[in-house]
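# Reading the structure
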Amino acid sequence: SRVSRSASSMFALRKIAMVRNAASNSLSISGRKQTAQDGSHFVMVVSARNTAQKKNVTIGIQTRTQVQILTGISPSDKVISVGSYALDPDTPVTVAAPTSDDAADGDK
């Protein structure tokens, strides 16, 4: 019948939309940790010398809370989560223990 064909088509379109926005084995961070400036995206990370360093990143899928990072950082990088917008490169930083907010961000 016409109704069942229509319902099947709607389901298929929704399924395709969900698959299109999925990414497995990808690196993602809280959206509030990345910044855009002049069309480029970057994050601030902690260097081995405990200074802030700016790393340009290429972003992928974005949700309201998460941003997929395609290039620019690795899982071992320590991304600065609070106040990074106010840091200049080479600013000394102190790494604090992760908070419950950091865990809630769901960084991967």
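Quantities reported herein were computed from a predicted structural model and do not represent experimental measurements.

Scanning the protein from N- to C-terminus turns up 2 helices and 6 strands. Reading the secondary structure of the protein in the N-to-C direction produces α-β-β-β-β-β-β-α. Within the protein, the proportion of its 108 residues that are buried is 23%. In the protein, of all internal contacts separated by at least 6 residues, the share reaching a separation of at least 24 is 60%. Surface summary for the protein: the accessible area is close to 7,800 Å², and the carbon and sulfur share equals 54%.

Looking now at the pairing of strand S5 (residues 66-71). Pairing between strand S1 (residues 27-30) and S5: 4 bridges, direction antiparallel. From the neighbouring strand, serine 28 faces S5, where its bridge partner is glutamine 68. Taken together, the 3 bridges between strand S4 (residues 52-62) and S5 define a ladder with antiparallel strand orientation. Each bridged residue has a counterpart across the sheet, and for threonine 58 the counterpart in S5 is threonine 71. Where S4 folds back on S5, the antiparallel hairpin that results is connected by 3 residues.

Turning to the nonpolar core, a few remarks are in order. Grouped together as the largest cluster of nonpolar side chains are 9 residues: Leu27, Ile29, Val43, Val45, Val57, Ile59, Val67, Ile69 and Ile73. Elements with a contribution of two residues or more to this core: S1, strand S3 (40-46), S4 and S5. In this structure, valine 45 is in contact with Thr51, Ala52, Gln53, Lys55, Ile73, Asp77, Lys78, Val79 and Ile80, ignoring residues within four places of it in sequence. Core analysis: the next-biggest nonpolar cluster, separate from the first, contains 6 residues, Phe42, Ala52, Ile80 and Val93 among them.

A few words now on the confidence of the model for the protein. With 69% of its residues at a pLDDT of 70 or more, the protein shows a mean pLDDT of 75. Of all secondary-structure elements in the protein, the lowest mean pLDDT belongs to helix H1 (residues 2-20), at 47, while S4 reaches the highest, 91. Across residues 1-19, confidence stays below pLDDT 50; counting only partners more than four residues off in sequence or on other chains, it has 0 contacts.

Turning our attention to the side chain of glutamine 66. Counting through the fold element by element, glutamine 66 comes out in strand S5. Since its relative accessible area comes to 16%, glutamine 66 is described here as buried. A distance of 3.3 Å separates polar atoms of two side chains, one belonging to glutamine 66 and the other to serine 28.

Cut-offs and rules
Residues numbered from 1 in each chain as written. Predicted model: local features only at pLDDT ≥ 70, side-chain atom pairs only at ≥ 80, totals over all residues. Heavy atoms only, no water. Helix = DSSP H or I, 4+ residues; strand = E, 2+ residues; numbered from the N terminus. Buried < 20%, exposed > 50% of the residue type's maximum accessible area, 1.4 Å probe, protein only. Contact = heavy atoms within 4.5 Å. Areas by Shrake-Rupley, 256 points an atom, 1.4 Å probe, with all protein chains shown as cover. Pairing = 2+ DSSP bridges. Core = buried A, V, L, I, M, F, W, Y, C linked by side-chain atoms within 4.5 Å. pLDDT = per-residue confidence, 0-100. Polar contact = N/O pair within 3.5 Å; in protein donor to acceptor, adjacent residues only side chain to side chain.

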